[in-house]
Amino acid sequence: MKRALVVLSILALIVLGSLAFADSVTLNVASSSSASTQTLKLRTETWTQYAPYFPQPPVIDGKINLSDEWYLSPRYYLGLPVDVGYQPENWEGQEKQSAVYYMGWDQNYFYMAMEVNATPVVQMAVGSNMWQGDHIELWFDTQMQEDFDLKQPNKAIFQIGISPGNFDFIKPEIYVWTPPVLASEVAKCKLAAVETSTGYNFEVAIPWKLLNVNPEPGMLMGFVVSPSFTNKPGTLSQDVMISSSPKSPNNWGNPQFFGNLFLIDPLNKF
């Protein structure tokens, strides 16, 4: 079944492209080891993304070494007008508000690296209030098949905030808005952010234990990546949000508007 699911993750993008106006796609996957089949439902009118297995974990230092650490990941770009999901009238264009990101995983962590165009970087808040400044929001639906018809978050749907800080008196930070989790578990995340001439970069490692997930190749989750921006320095405000699922920001926590994330193992190293 593992190999069948990896092949499915590649075929899914083709299927989604041909069924862009469907509400969902249902695929039956035959196991090579048994006569049984597994039915997987996929979201459409949104992104299907792929996170490759990393034989060696990246160093979480904010430097984003593409040649030696993140080379297996696809390059994902957010910065087109169609990517603006919240208050598009406030968007200042791709040169000032956009992002490129990379993903990966191993047995212990989900990894992400992101280069953010944000000029200037504005963040005056911490903890649960980080949404009032520049930050990234990640949504995971770790039981996507079971939750496929839900319209509100449950204990398997996680909203995680990543703040770069302000490179002065506010440090980079991770916060989990939902579901309730212990601060000691959040503290096991690894995060590094560095200021750049055009904004900031960050790298993060999120323990699978925090998400209550046992990862394996072919696993499918609901997923959203949403960089958020505050336009005016010295203010507390959420002015614009771009997103891999542009309808998600205006439909808080509704998994109907999430995208698809496949864990894959292109080098067969799992």
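See above for the structure.
Calculation criteria
- Residues numbered from 1 in each chain as written.
- Predicted model: local features only at pLDDT ≥ 70, side-chain atom pairs only at ≥ 80, totals over all residues.
- Heavy atoms only, no water.
- Pairing = 2+ DSSP bridges.
- Helix = DSSP H or I, 4+ residues; strand = E, 2+ residues; numbered from the N terminus.
- Axes fitted to C-alpha atoms, helices over the stretch in contact; angles between N-to-C directions.
- Buried < 20%, exposed > 50% of the residue type's maximum accessible area, 1.4 Å probe, protein only.

(A) Broad picture of the sheet that holds strand 6 (residues 97-105). If you walk across this open sheet you meet the 5 strands as 4-6-7-12-11, and the pairing is antiparallel. Bordering the open sheet on either side are strand 4 (76-78) and strand 11 (190-196), each of which pairs with just one other strand. Looking at each pair of strands side by side, their axes are set apart by 15 degrees on average, direction ignored. By the bridge criterion, 3 bridges tie strand 4 to strand 6 in an arrangement that is antiparallel. Paired with Tyr76 across the bridge in strand 6 is Tyr101.

(B) Focus on the pairing of strand 12 (residues 199-207). Counting buried residues in strand 12 gives 9 out of 9 residues, a clear majority hidden from the surface. Sheet analysis places strand 7 (residues 109-118) next to strand 12, joined by 9 bridges and oriented antiparallel. By the bridge assignment, Tyr111 is partnered in strand 12 with Ala205. Sheet topology places strand 11 next to strand 12; 7 bridges connect them, and they run antiparallel. Opposite Glu195, over in strand 12, you have Tyr200 as the bridge partner. Connecting the antiparallel pair strand 11 and strand 12 is a turn made up of 2 residues.

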